[in-house]
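Results of the structural survey
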Amino acid sequence: MIRMVSVSKEYPMGSEIYPILEDLTFHVPKGMLTAIIGPSGSGKTTLLNLIGGLDTPTHGQYFLNEQDVSHFSREQWAHERNRTIGFVFQSFQLITALSARDNVALPLVYRGIPPKVRRLQADDALEQVGLGHRRLHRPSQLSGGQQQRVAIARALIGDPALILADEPTGNLDQATGQEILELLQTLNRAGKTVVIVTHSAEVAQACRQIIQIQDGHVVTVAQEMERVR
Amino acid sequence: MTWRDGVLLAFKGMAGNKLRAILTMLGVIIGVAAVIVLVAIGQGASSLVTSRIETLGTNVIFVSPAGGTPFPASEAAMITRALPFPTLVVPEMNTGAKVSTLTASGGAQIVGTTSAYIHLGAISIAAGHFLTPLEIAQDQHVAVLGANQVQTLFGGSNPVGAAVMIMGQQFRVIGALNVVGQGPGASQDNDIFIPMTVAQSLLSTTQLSQVTVKTSSPDQANLAADYLTNFYTNAFGSATAVTVASEDQVLQTLQATRATFTNLLAGTAAIALIVGGIGIMNIMLVSVTERTREIGIRQALGATREDILLQFLLESMAMSLSGGTIGAIVGVGLVHLVPVLLKTPAVFSPNALILAFVFSTAVGLFFGLYPAIKASGLDPIQALRYDG
């Protein structure tokens, strides 16, 4: 699903160039549940942004679904994200002025799907995360856990093959975090590739592949079988 | 994103912050209403000129001396003789003067003329009678008052038989005129008509201000104008010593002045619209900043640059078009109120309505463009991190 070959990311700051990620090579197979772990500032979120096309690599090659997307334009990435990728953020990133239903339906707006169909699909996605009864509520009227469920419903509404989650349990208490993790596991079992950036050892343990990053380098890539050993 | 979604989103955005939307639209509302009302007032003035052409006819020419050209009272008889066809020739000498009664006083335009003036058709008698040949021949101190003078000096009551003081001499009021109304040039409503013979001794001069010539047809008026122009050019050796203008020419000049006036009013209103547009741009820029995170979210979910551009552009256009619609309703309403409140004619112009709409749309498009470009150019990562 995701294949990175010698990928680097540098940011210019004044006349200096700061490397954030250096020579990253790894592979996330289709249908995998992957955790990206590492200390703060190690470049985890930058890596997730590269995977999601919110940012582009400075060097190296990135293959998404066997397609070389290293040099995709902003517009190409917008289309790719809309069809292939669902995002879940630590701070939920819901639009406060919209109802849960309208938030969930948002990716379909950019596919040109008519409002009636969008509404039906959004209600369906909200049912899947157990929030069918709160569809008309605004984000401010929902708890943190509920907001993250709305965000997950939004990530899965377009039926993307890949779900990228950046610290999805970071702002939630343990019990709620556990629920969200289970929800992501369920989606993974249904065939979606899920990549989670996390600090939580618990979340990482629940994943079948762990990519550990330190100082911009991949330190280890461990599959479930190896970890059992 | 489809256009339909964009429009829906734009109106939802406005509905989400009604007070701000209304305050932002205010500039456009005022601008569009101003365009419609001011153009209507300008058109009203023009239509008055046109209606005067219709009542007076275009068979009148004006002959007046320029600068120090001698133009004695005998000039009227001279013109009558000079023209090869019968005409009505009316001499006039005008001056501004203080007038008073026992109870009131004011300023007036004193017109010394002959009994023929009434036949020009510009004025009509409301009470009493106009100057008669006998009164003029006998140098009688009699006066005919324009409608405003009746109002100022006699509070609107019938002045016939009463006395009025003009330049220290007492005159007997023999007639009052109907309202003429504001038209091209000065209105006769402020005039006081006295025998020309009396005016000559009162002003100690025989110099005429103007001679009005009325012919039996517009063609004859043009002919007379050409004839007199030649006549005076030969007499004084200069084409500018005496001005000969047909009613038609005078009115055309006035029409042109009115058109300039209308354009000036429309221009002023257009400035109001532009200021309204700047208001929209200002609020849209604030909106883009406030909604930076929303823009980031939309980008992460698949919105292209074009989608974001369209969203913000449609929002500013929705605002300017809504403002335009409200402004048009207010403007058309005011056009109906202006004649009642300001006693000025106003003629609604559909062109002004179309112009105002086109202009307000253009304002929304133009002033919405910069904020929309700014929004669509945001970096998704920065936008998602924005903590506003």
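Residues numbered from 1 in each chain as written. Chains lettered and ligands numbered in written order. Predicted model: local features only at pLDDT ≥ 70, side-chain atom pairs only at ≥ 80, totals over all residues. Heavy atoms only, no water.

**Notes on the domain arrangement of chain B**
- When its domains are assigned, chain B resolves into domain 1 (3–51 + 253–385) and domain 2 (59–246).
- Computed over C-alpha atoms, the centres of domain 1 of chain B and domain 2 of chain B are 52 Å apart. (Domains from an automatic or database assignment.)

**Re the interface of chain B and chain A**
- Listed per partner, the contact involves 25 residues of chain B and 26 residues of chain A.
- Regarding the contact of chain B and chain A, the summed buried area is about 2200 Å², with carbon and sulfur atoms giving 56% of it.
- Remark: the boundary between chain B and chain A carries two salt bridges.
- Across the contact surface, chain B and chain A share 11 residue pairs in polar contact (both at pLDDT 80 or more).
- Breaking the side of chain B that touches chain A down by element, the ones donating at least two residues are helix H1 (3–15), helix H9 (292–300), helix H10 (305–342) and helix H12 (380–385) of chain B.
- The element that contributes the greatest number of residues to the side of chain B that touches chain A is H9 of chain B, accounting for six residues. (Contact = heavy atoms within 4.5 Å. Buried area = accessible area lost by both parts, 1.4 Å probe. Salt bridge = Lys/Arg side-chain N within 4 Å of Asp/Glu carboxyl O. Polar contact = N/O pair within 3.5 Å; in protein donor to acceptor, adjacent residues only side chain to side chain. Helix = DSSP H or I, 4+ residues; strand = E, 2+ residues; numbered from the N terminus.)

**A few points about the pattern of salt bridges**
Residue and element names in this part refer to chain B.
- For the structure on display, the rule yields 11 salt bridges over all chains.
- With a closest N to O distance of 3.1 Å, Arg 291 and Glu 315 form a salt bridge. Here Glu 315 lies in helix H10 and Arg 291 lies in the loop between helix H8 (247–290) and H9, a separation of 24 residues in the sequence. Both residues of the pair, Arg 291 and Glu 315, belong to the buried class.
- Here the salt bridges do not stand alone but share partners, grouping Arg 291, Glu 294, Arg 298 and Glu 315 into one network. (Buried < 20%, exposed > 50% of the residue type's maximum accessible area, 1.4 Å probe, protein only.)

**Description of the sheet that holds strand E10 (residues 217–223) of chain A**
All names here are of chain A.
- The six strands are arranged E6-E7-E8-E3-E9-E10 in an open sheet whose pairing can be described as mixed. Across the chains shown, the open sheet's two edge strands, defined by having one partner strand only, are strand E6 (85–88) and E10. Recorded for the sheet is a direction-independent mean angle of 15° between the axes of neighbouring strands.
- Pairing analysis gives four bridges linking E6 to strand E7 (residues 162–166), with the strands arranged parallel. Bridging across to E7, Val 88 finds its partner in Ala 165.
- Packed on one face of the sheet, helix H1 (residues 44–51) meets strand E3 (33–37), E6, E7, strand E8 (193–197) and strand E9 (209–214) and runs near 155° to E7. (Pairing = 2+ DSSP bridges. Axes fitted to C-alpha atoms, helices over the stretch in contact; angles between N-to-C directions.)

**Some thoughts on the packing of H8 of chain B against H10 of chain B**
All names here are of chain B.
- Contact geometry for H8 and H10: axes closest at 11 Å, N-to-C directions at 140°. Between H8 and H10 lies a crossing whose hand is right-handed. Here H8 contributes Ile 280, Met 284, Ser 287 and Val 288 to the contact with H10, which in turn contributes Phe 312, Glu 315, Ser 316, Met 319 and Ser 320.
- Residues belonging to the contact of H8 with H10 are distributed by class as follows: five nonpolar, three polar and one charged. (Left-handed = near helix turned anticlockwise from the far one by under 90°. Nonpolar A, V, L, I, M, F, W, Y, C, P; charged D, E, K, R; others polar.)

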